Amino acid sequence: MALTVGRVPDLHTEPFYFDMERRGIALYEMAPSALAAAITDGEIDAAPLPLVDCLRLADRLRPVAGFCVASMRQSNSVLLYSTKPISDLHGAHIGVTDTDTTPQQLLEMLLRVQYHIQPAAYVPLPAAHDAFLLSGNEALRLRGGARGFPHTYDLGAAWLDYTGLPCVFSRWMARQDIDPKALALLQDTLYVGLEEGVEALYELTEPREDLLMLPRDVTRYIRGFRYYIGLSEQQAIERFQHYLQQLNH
């Protein structure tokens, strides 16, 4: 039976999938927020889960080596657009999508832990809002800002400024009962992706019109990410977990 993997259709995750189909790995495209249920229900074997879900399901899933998505500087992958400075968002209504779980938790941490403020509510984007949050390709398409929202904040960069640590958005996780040979295949394929998949994006010669990006923009964007957990990424995960526990008490 083919190894099944959840595919997140964002530019910064593309390198991971570079060699998967050639190796017979079945890909199922889905939003980050759908991955946790898909993997626990047995629909897929592995995926790059949002960090919030990795922590919540740590006793039910296993990490796939140290593969992750993390940023060490401004990346434009999680952006907050606001009508007022972020420090003035106490009592505000903030529009969010249901595509990913980590960005909203990251924003909540920054607002409550760094700025000591509490928004009134997080609301679906069609509702009236004072600020709104986008991630992945949606944020990339609006990296130049949003009309009527003069303040734009890169939350990965804001986390780095506050903690001095990279921002870990997701981590590759697999089912506990995954076949060892399948896990080895997945790990090897991910290693290839981090070399050849990243290189393929560096060598683009045509614009990515779907994202309004020139080849040099794509290169600059991808260079802002780290794809494997080192000491600083592990410290960042522990700090994120610590703040998450603070918020839940």
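Now for a description of the structure that goes with this document. (Residues numbered from 1 in each chain as written. Predicted model: local features only at pLDDT ≥ 70, side-chain atom pairs only at ≥ 80, totals over all residues. Heavy atoms only, no water.)

### Details of the pattern of salt bridges
And step 1. Applying the stated criterion across every chain, the model contains 11 salt bridges.
And step 2. A salt bridge links Glu-233 to Arg-226; the nearest nitrogen and oxygen atoms lie 2.7 Å apart.
And step 3. Given the relative accessible area of 2%, Glu-233 is considered buried.
And step 4. Within the structure, one salt-bridge network assembled from shared partners comprises Asp-19, Arg-22, Arg-23 and Asp-188. (Salt bridge = Lys/Arg side-chain N within 4 Å of Asp/Glu carboxyl O. Buried < 20%, exposed > 50% of the residue type's maximum accessible area, 1.4 Å probe, protein only.)

### Considerations on the packing of helix α5 (residues 155–163) against helix α8 (residues 231–247)
And step 1. At their nearest, the axes of α5 and α8 sit 12 Å apart, and the two run at 90 degrees to each other. In this view, α5 runs roughly perpendicular relative to α8, as classed from their interaxial angle. Here α5 contributes Trp-159, Tyr-162 and Thr-163 to the contact with α8, which in turn contributes Ala-236, Arg-239, Phe-240 and Tyr-243.
And step 2. Of the residues that constitute the contact of α5 with α8, the class distribution is five nonpolar, one polar and one charged. (Axes fitted to C-alpha atoms, helices over the stretch in contact; angles between N-to-C directions. Helix = DSSP H or I, 4+ residues; strand = E, 2+ residues; numbered from the N terminus. Parallel < 35°, antiparallel > 145°, perpendicular 65-115°, else oblique. Contact = heavy atoms within 4.5 Å. Nonpolar A, V, L, I, M, F, W, Y, C, P; charged D, E, K, R; others polar.)

### Concerning the packing of aromatic side chains
And step 1. Here the structure, examined in full by the defined rule, presents 13 aromatic pairs.
And step 2. For the pair Phe-67 and Tyr-228, a centre-to-centre distance of 5.1 Å together with 85 degrees between the ring planes defines the contact as edge-to-face. Of this pair, Phe-67 sits in strand β4 (residues 61–71) while Tyr-228 sits in strand β11 (residues 225–228), and the two are 161 residues apart along the sequence.
And step 3. Consider the rings of Tyr-81 and Phe-132, whose centres lie 4.7 Å apart with planes at 20 degrees: the pair is stacked. Taken together, the residues span a long stretch of sequence, with Tyr-81 in strand β5 (residues 78–82) and Phe-132 in strand β8 (residues 131–135) at a distance of 51 residues. Taken individually, Tyr-81 and Phe-132 each receive the classification buried, so the pair is uniform in this respect. (Phe/Tyr/Trp six-rings, centres within 6.5 Å; stacked < 30°, edge-to-face > 60°.)

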